[in-house]
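Spelled out, the chains give:
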Amino acid sequence: MSAPRGDGTREAGGDGPAGALRIAAAVRAGERSARSVVEEALSAVASGDSDLHAFVTVTADAALAAADEVDRAVAEGRDPGPLAGVPVALKDNLCTRGVPTTCASRILEGWRPPYDATVVDRLAAAGAVAVGKTNMDEFAMGSSTENSCFGPTRNPHDRTRVPGGSSGGSAAAVAAGFVPLALGSDTGGSIRQPAALCGVVGMKPTYGLVSRYGLVAFASSLDQIGPFATSVADAAHLLGVIAGHDRADSTSLPDPDPRPDFAASVGRGVEGRRVGLCLELVEGCAPDVVARVRRAAEDLEAAGAEVSEISVPEFRLGLSAYYLIAPAEASSNLARYDGVRYGLRVDGPDVAAMNTATRTAGFGPEVKRRIMLGTYALSAGYYDAYYGKAQRVRTLMVEAFARAYRQVDVLLGATAPSTAFPIGERVDDPLAMYMSDVCTIPSNLAGHPAISVPYGAGDDGLPVGVQVLAPALGEELLFSVAAALEAAAPAGGGPGAAAPVGSGGPEGAGR
Amino acid sequence: MTGGAPDGHASPPPIGREDVVHVARLARLELTDEEVGRFTGQLAQVLAHAADVAALDLAGVAPTAHPLPLQNVLRPDEIRPCLDRQEVLDGAPEVEDHRFRVPRIVGDAP
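Criteria and cut-off values
Residues numbered from 1 in each chain as written. Chains lettered and ligands numbered in written order. Predicted model: local features only at pLDDT ≥ 70, side-chain atom pairs only at ≥ 80, totals over all residues. Heavy atoms only, no water. Helix = DSSP H or I, 4+ residues; strand = E, 2+ residues; numbered from the N terminus. Buried < 20%, exposed > 50% of the residue type's maximum accessible area, 1.4 Å probe, protein only. Contact = heavy atoms within 4.5 Å. Areas by Shrake-Rupley, 256 points an atom, 1.4 Å probe, with all protein chains shown as cover. Buried area = accessible area lost by both parts, 1.4 Å probe. Salt bridge = Lys/Arg side-chain N within 4 Å of Asp/Glu carboxyl O. Nonpolar A, V, L, I, M, F, W, Y, C, P; charged D, E, K, R; others polar. Phe/Tyr/Trp six-rings, centres within 6.5 Å; stacked < 30°, edge-to-face > 60°. Lys NZ or Arg CZ within 6 Å of the ring centre and 35° of its normal. Expected span 1.5 Å × (residues − 1). Pairing = 2+ DSSP bridges. Axes fitted to C-alpha atoms, helices over the stretch in contact; angles between N-to-C directions. Domains from an automatic or database assignment. Polar contact = N/O pair within 3.5 Å; in protein donor to acceptor, adjacent residues only side chain to side chain.

**Some words on the overall build of chain B**
For chain B, the helix and strand inventory stands at 4 helices and 2 strands. Within chain B, the proportion of its 110 residues that are buried is 32%. Once local pairs closer than 6 in sequence are excluded, the contacts in chain B between residues at least 24 apart make up 40%. Total accessible area on chain B is roughly 7600 Å²; 53% of this is exposed by carbon and sulfur atoms.

Printed below as a string of structure tokens:
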């Protein structure tokens, strides 16, 4: 089950046998037990994850107990929830009570949070079953999942290549077919970029739509939790479960009345929708990636959308602004790892020496690099030139988006500039690694939603993702366009790694 | 490396070894000589890329610190469950009398 299929079979969306919606429907109807579904997922992980390394912790006993509880609810006629019995994987920066939450950092190794993240609570309330925690770049800093104290995760489509990052473990777990759903976090592209490189759907919601309570903070004005799935419909359902106001997160948005029905938006089509093919979101990308994006634009036009080219030159400033703002916020957020309240402590003769010894031993090189970059960008004499300028560029970015959205409803572009790159290729070249995020960063800076949809394979046979961007709270629009893309997507590269034989053609989305 | 900015706007000088040593100390990190050299080169490369931003004249542009227009939110002052003290302390490296224990903070008494 872990082997990539490579035969171009496409997962038939949420209605496919392995899709979350199909599983939940079968469990709710009593046709399948949650226990059998979860046992299957656990055995797939046990047999297939030793060489992929998508998971850092597997919570088999707790998962089986939760599955039994779902089955009991079904047997007793209680509502087991909309995701009843669906196995999910959680990025290891989401707090899970009593279960190690490491952020793939030595500094948190062995720490067991005293509370669950709000999204973890909401998944459990919906009947979903968490099977484990997934590998990531340390504190979500990276684009390849190589910056993990546990070692890298491998791409299920080619084990010599990275799965992308920082949520590479979650992306790989879904692409390998271990679980139909996973959660990640996206600060500069950390859901969408690995989704593209692994051939699955990955989505970053509007900032504030999903509670960040219990998400270990990296850059608080940019971080957002979002779904991985094998289909747009499944991703929309998962977002529906985790979205909504939370009094524990002061940046969480109030609930609109009525609450949006993300899943219902999936089948709406794109008739008359204005789609802007954004030139800055394809420039500098590999030719095979550009070709896929252009094909996606043509396919949307054929489906009834009005497609035009649009230029948003401010996007070219995004990478620089992001790599000043995110490290600045990180340097502040990570000050809390001082060896006092949780995780690692390396002793010293006094508190300052203990703080320094702990942080020096506990953080990996990329985290140190970003802490120093952020400290520098915020330091006296450099604040105005770097952090101050970057914040003003953020304003330009927001205004540029607003101008673009007066002309078009959504933007279309590449998710990542290339297909999955070889493990080790960029570890010693931070700037080259940072370039992986060039197409995903603008949405984070503006707080807007965006989604990556698998769109066939590149020249190397590896997955290519096409990205759709929408204005703040434009999730319904985003899912409707994404579903139209999914329905038109060429074979190959997609979530075929998860598709059982004979799961049907690419007709799956939208019902 | 492009070094400074293209004409006009003041661009900060390139980052040097002494800057890296300084920020590492501020951030409570200890670096080996080899690390100072490596990080200096890498940070200089990233900051050189950021020269496009540093060189912009943005005098009339307001900064954006956050994607949302944040406003103060009031709520009723109700007693609600909080984290279990023992469970929190269980995660600490060292605890004494229900408190986090740390090494000496001030010097020996005279």
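**Points about the interface of chain A and chain B**
Contact residues are listed per partner, giving 64 residues for chain A and 52 residues for chain B. Summed over both partners, the interface of chain A with chain B buries about 5300 Å², with 67% contributed by carbon and sulfur atoms. Of all residues in chain A, the largest losses of buried area upon contact with chain B belong to Arg247, Met372 and Tyr376 of chain A, amounting jointly to 13% of the total for that side. Between the two partners, chain A and chain B, sit 2 salt bridges. Linking Arg345 of chain A and Glu94 of chain B is a salt bridge whose minimum nitrogen-to-oxygen distance equals 3.1 Å. Of all the elements in the fold, those that place two or more residues in the side of chain A that touches chain B are α10 (318-333), α11 (351-362), α12 (365-378), α13 (384-407), α14 (430-434) and α15 (441-446) of chain A. For the side of chain A that touches chain B, the leading source of residues is α13 of chain A, giving 10 residues. Among the residues making up the side of chain A that touches chain B, the classes are represented as 35 nonpolar, 14 polar and 15 charged.

**Regarding the packing of aromatic side chains**
This structure, assessed with the given rule, holds 15 aromatic pairs over all chains. Seen in terms of ring centroids, Tyr376 of chain A and Tyr386 of chain A are 6.1 Å apart; in terms of plane orientation they differ by 40°. Their pairing is tilted. Residue Tyr376 of chain A is found in helix α12, and its partner Tyr386 of chain A is found in helix α13; the two are separated by 10 residues along the sequence. For Tyr376 of chain A, a relative accessible area of 1% puts it in the buried group. Judged by relative accessible area, which is 4%, Tyr386 of chain A ranks as buried. The rings of Trp111, Phe139, Tyr337, Tyr342 and Phe363 of chain A are connected pair by pair, giving a single aromatic cluster. Of note, Arg426 of chain A hangs over the ring of Phe421 of chain A, and the distance from its end group to the ring centre comes to 3.8 Å. The aromatic ring of Phe39 of chain B is capped on one face by Arg38 of chain B, whose charged end is 5.5 Å from the ring centroid.

**Notes on the pattern of salt bridges**
Side-chain pairs of opposite charge can arise where the charged atoms are in close proximity. All told, the structure shown has 28 salt bridges over all chains when counted by the stated rule. Glu69 of chain A is the partner of Arg78 of chain A in a salt bridge, and the nearest nitrogen-oxygen pair spans 3.7 Å.

**Observations concerning unusual backbone geometry**
Residues and elements named next belong to chain A. The amide bond that connects Gly165 to the next residue, Ser166, takes the cis arrangement and shows omega of 15°. As for its placement among the helices and strands, Ser166 is situated in the loop between β3 (129-134) and α5 (168-175). In the segment running from Asp257 into Pro258, the intervening peptide bond is cis, with an omega of 0°. When you line up the elements, Pro258 lands in the loop between α7 (232-242) and α8 (262-265). Of note in the backbone geometry, Ala104 takes a positive phi value of approximately 55° without being a glycine. A positive phi angle is found at Leu473, which is not glycine, with a value near 60°. Here Leu473 shows up in the loop between β11 (463-469) and α16 (475-488).

**Some details on α16 of chain A**
All names here are of chain A. Counted at 1.5 Å a residue, the expected span for α16 with its 14 residues is 20 Å, and the 20 Å between its end C-alpha atoms agrees. Among the 14 residues of α16, 11 are classified as buried, and the element is accordingly described as predominantly covered. Turning to α16, its buried residues are Glu475, Leu477, Leu478, Phe479, Ser480, Val481, Ala482, Ala483, Ala484, Leu485 and Glu486.

**Digging into the sheet that holds strand β5 (residues 201-204) of chain A**
All names here are of chain A. With mixed pairing, 11 strands are arranged side by side in an open sheet as β1-β3-β2-β4-β6-β5-β10-β11-β9-β7-β8. Unpaired on one side and paired on the other, β1 (55-58) and β8 (306-310) mark the two borders of the sheet. Sheet twist, expressed as the mean angle between neighbouring strand axes with direction ignored, is 25°. Judged from the 3 bridges that link them, strand β7 (residues 274-278) and strand β9 (residues 410-414) form a sheet pairing that is parallel. By the bridge assignment for β9, Val275 is matched with Val410. Across the sheet, α7 lies against β4 (181-185), β5, β6 (225-229) and β10 (450-457), angled at about 150° from β6, the strand it touches most.

**A closer look at the domain arrangement of chain A**
Residues and elements named next belong to chain A. In terms of domain boundaries, chain A breaks down into domain 1 (20-316 + 393-488) and domain 2 (317-392). For domain 1 versus domain 2, the distance between C-alpha centres works out to 26 Å. Each side of the interface is counted separately: domain 1 has 36 residues, and domain 2 has 31 residues. Taken together, the two surfaces of domain 1 and domain 2 that pack against each other cover about 2900 Å², and 64% of this comes from carbon and sulfur. At the surface where domain 1 touches domain 2, the tally comes to 23 residue pairs in polar contact (both at pLDDT 80 or more). At the level of secondary structure, the elements contributing two or more residues to the side of domain 1 that touches domain 2 comprise α13, α14 and α15. Top element by residues in the side of domain 1 that touches domain 2 is α13. It accounts for 5 residues.

**Regarding α7 of chain A**
Residues and elements named next belong to chain A. Counting buried residues along α7, 9 of its 11 residues qualify, which places the element largely inside the surrounding structure. What α7 keeps buried is the set Val232, Ala233, Asp234, Ala235, Ala236, Leu238, Leu239, Val241 and Ile242. The first or second residue beyond α7 is Gly244, which carries a positive phi of 125°.

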